Amino acid sequence: MSLHQSPARYSLAAIILHWLLAALLLFQVSLGWRLEDLAGLPQFAAYQLHKTIGISILLLSVARLVIRLLVPRPRPLNTSLLLAALAGGVHALFYVVMILGPLTGWIIVSTSAIKVPTLLFGVIPWPHLPVSAALHDPAEAVHSLLGWLLAGLVILHVAGALRHHFLRKDILGRMVPSALGRRGALNMVAGLAIAGALTAFALAWVLPFGGKAPAQADADLSASNVAAADNAGDPAVNASNAAEDAVAVNQAAAPADEPAKAEAQKAVAWTVQRGGTLNFHTAYSGSDIEGGFSRWDADILFSPDDLPGSRIAVTVDLASVDSADSQRDDMLRGDEFFGVAAHPRATFRATRITHRDGNRYRATGTLSLNGQQKPVTLDFTLDIDGTVARARGTTRIDRTAFGVGTGEWSDTSTIPDAVTISFNFQAKRAE
């Protein structure tokens, strides 16, 4: 005869872990199905949350398994051998899913061609597994199947629990505190459990993952600027631009008719006002990425009537990069991208400014980034109203030419080589 009597219900720790894991599993499988419907920053943020929840499930499942093995639990119900075997199989498969699911996801992340660091809850660094890349595809296949298996197990588990509850077999009462063990309270628990399950499953579809970068460019960038950037590699367009530049140079070089007019044409200093944006646009595995820099400044000496005497010098604090994801921003500051430790700033110095037509201008100069210097041309529009000027423009640079994205990140099929840079700011003329 056993010296220890079987308890009437599970331990408090087991009860808490049971309901917590139930909510996390329902949310996780729902989130996993939603990932393919997201794009850009929302998808990136959702993947980070998916990894965090997955590792949490793994750790909590191990704790639950230890408690199951060490802490006495209620004796099995008196039922048929078939139903007992089915219930035992469902419980065993739950542990397989709860442990193997996160493990296969961990393998997928660890063997991906593009290594993205994992920070649990955006704070705790989580390492990659030292496993062969050959495990990547099998892990993906198993991970996907486990998601569907989990959905089936949840349906069987809930159906079995409700069946026992309606047959007045006190199985639900075993997994709640004693204060809720009476029949009326159990009916309420059953209803709340179903409502909670539906809420946990639906939550992944209503959360506003990610969003636009705080420094995202204004939507009203002129179509002419975008077209100019798109046509940067078109020989016909370049020939037309060269002709425009030649005319502009001739016009700018024309002598002044009188000294007073020459004085009026002299370039003057402009001060950039707060609220301007300096942004970039790229993509990761086909998903758009928008970001920007919160700290930058420009030294501007400009007059539409004195383009030869005008100059522009822009300095960017690369550590201020903001792509709406702190983990990705840390990667961008690292040696494989901007190399902020060795080259904390990027600079653009315009050596030539020409007038194209109307309010459209072109600045040709040198961009210094990540220890590299390359010629860059940017097109912009300029609207001057008294002492206030509004400038908007775009350009495109090849990131690999500046060593931005090295090693595994140099794959241009994953991250395109061409990165679009855009700016939008106001400047006030110095008195």
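Residues numbered from 1 in each chain as written. Predicted model: local features only at pLDDT ≥ 70, side-chain atom pairs only at ≥ 80, totals over all residues. Heavy atoms only, no water.

Phi is positive for A324, which is not a glycine, with a value near 70°. Position of A324 relative to the elements: it lies in the loop between β8 (321-322) and α9 (326-333). Note on A324: relative accessible area 38%, which makes it partly exposed. One non-glycine residue, N370, adopts positive backbone phi at about 55°. Looking at the secondary structure, you find N370 in the loop between β10 (360-369) and β11 (372-385). (Helix = DSSP H or I, 4+ residues; strand = E, 2+ residues; numbered from the N terminus. Buried < 20%, exposed > 50% of the residue type's maximum accessible area, 1.4 Å probe, protein only.)

Below, the discussion takes up the nonpolar core. General note: in soluble globular proteins, nonpolar side chains tend to be found buried as a group. F338 and L369 are the most contacted members of the largest nonpolar core, which totals 45 residues. In this structure F338 touches F293, L318, V321, L332, H343, L369, N370 and V404, once residues within four positions along its chain are discounted. In this structure, L25, F27, L35 and L153 belong to the second largest nonpolar core, which totals 19 residues. (Core = buried A, V, L, I, M, F, W, Y, C linked by side-chain atoms within 4.5 Å. Contact = heavy atoms within 4.5 Å.)

Within this structure, the stated rule accounts for 6 salt bridges. We note a salt bridge from R356 to D379, for which the minimum N-O separation is 3.2 Å. Taken together, the positions of R356 in strand β9 (residues 345-357) and D379 in strand β11 put the pair 23 residues apart, joining distant regions of the chain. Neither residue differs from the other here; R356 and D379 are each classed as buried. For the salt bridge of D379 with R362, the shortest nitrogen-to-oxygen distance reads 2.6 Å. Taken together, the residues span a long stretch of sequence, with D379 in strand β11 and R362 in strand β10 at a distance of 17 residues. (Salt bridge = Lys/Arg side-chain N within 4 Å of Asp/Glu carboxyl O.)

Time to look at the packing of aromatic side chains. On inspection of all chains with the given rule, the structure shows 9 aromatic pairs. Ring geometry for W33 versus W148: centroids 4.9 Å apart, planes at 35°, classification tilted. Taken together, the residues span a long stretch of sequence, with W33 in helix α1 (residues 12-34) and W148 in helix α4 (residues 136-166) at a distance of 115 residues. Owing to a relative accessible area of 56%, W148 belongs among the exposed residues under this scheme. Summarising the aromatic geometry, the rings of F280 and F293 are spaced 5.8 Å apart at their centres and angled 55° between planes, so their arrangement reads as tilted. Remark: F293 occurs in strand β5 (residues 287-293) and F280 occurs in strand β4 (residues 277-284); sequence separation between them is 13 residues. In this structure an aromatic cluster arises from ring pairing among F280, F293 and F338. (Phe/Tyr/Trp six-rings, centres within 6.5 Å; stacked < 30°, edge-to-face > 60°.)

With that out of the way, let us pick up α9. Those residues of α9 that sit buried are Q327, R328, D329, M331 and L332. Between a side-chain oxygen at the N-terminus of α9 and the backbone nitrogen of Q327 the separation is 3.1 Å; the capping residue is D325. (Polar contact = N/O pair within 3.5 Å; in protein donor to acceptor, adjacent residues only side chain to side chain.)

A cluster of nonpolar side chains, W33, W148, F201, L203, W205 and V206, forms an exposed patch at the surface whose accessible area comes to about 610 Å². Here V206 shows up in the loop between α5 (183-203) and α6 (223-230). V206 sits in the exposed class, given a relative accessible area of 60%. (Patch = residues over 30% accessible without salt bridge, like charges linked within 9 Å, V, L, I, M, F, W, Y side chains within 5 Å. Areas by Shrake-Rupley, 256 points an atom, 1.4 Å probe, with all protein chains shown as cover.)

Next up on the list: the confidence of the model for the chain. For the chain, per-residue confidence averages 79 on the pLDDT scale, and residues scoring 70 or more make up 77% of the total. Predicted confidence is poor over residues 210-264, with pLDDT under 50, and the contacts of this stretch with residues over four places away or in other chains come to 68 contacts. (pLDDT = per-residue confidence, 0-100.)

Another point: the pairing of β11. Within a regular strand, side chains alternate between the sheet's two faces. Here 10 bridges tie β10 to β11, and the two strands are oriented antiparallel to one another. Across the sheet, residue G365 finds its bridge partner in β11, namely V376. Adjacent in sequence and paired antiparallel, β10 and β11 are bridged by 2 residues, among which N370 carries a positive phi angle near 55°. Relative to strand β12 (residues 388-398), β11 runs antiparallel, the two sharing 7 bridges. Looking at β12, one finds that D385 is bridged to V388. Connecting the antiparallel pair β11 and β12 is a turn made up of 2 residues, with G386 showing a positive phi of about 70°. (Pairing = 2+ DSSP bridges.)

A separate point is the pairing of β4. A large share of β4 lies buried, amounting to 6 of its 8 residues. With 6 bridges joining them, β4 and β5 adopt antiparallel strand pairing. Directly across from N279, in β5, lies its bridge partner G292. Between β4 and β5, which pair antiparallel and follow one another directly, the connecting turn spans 2 residues, one of which, S285, has a positive phi of 50°.

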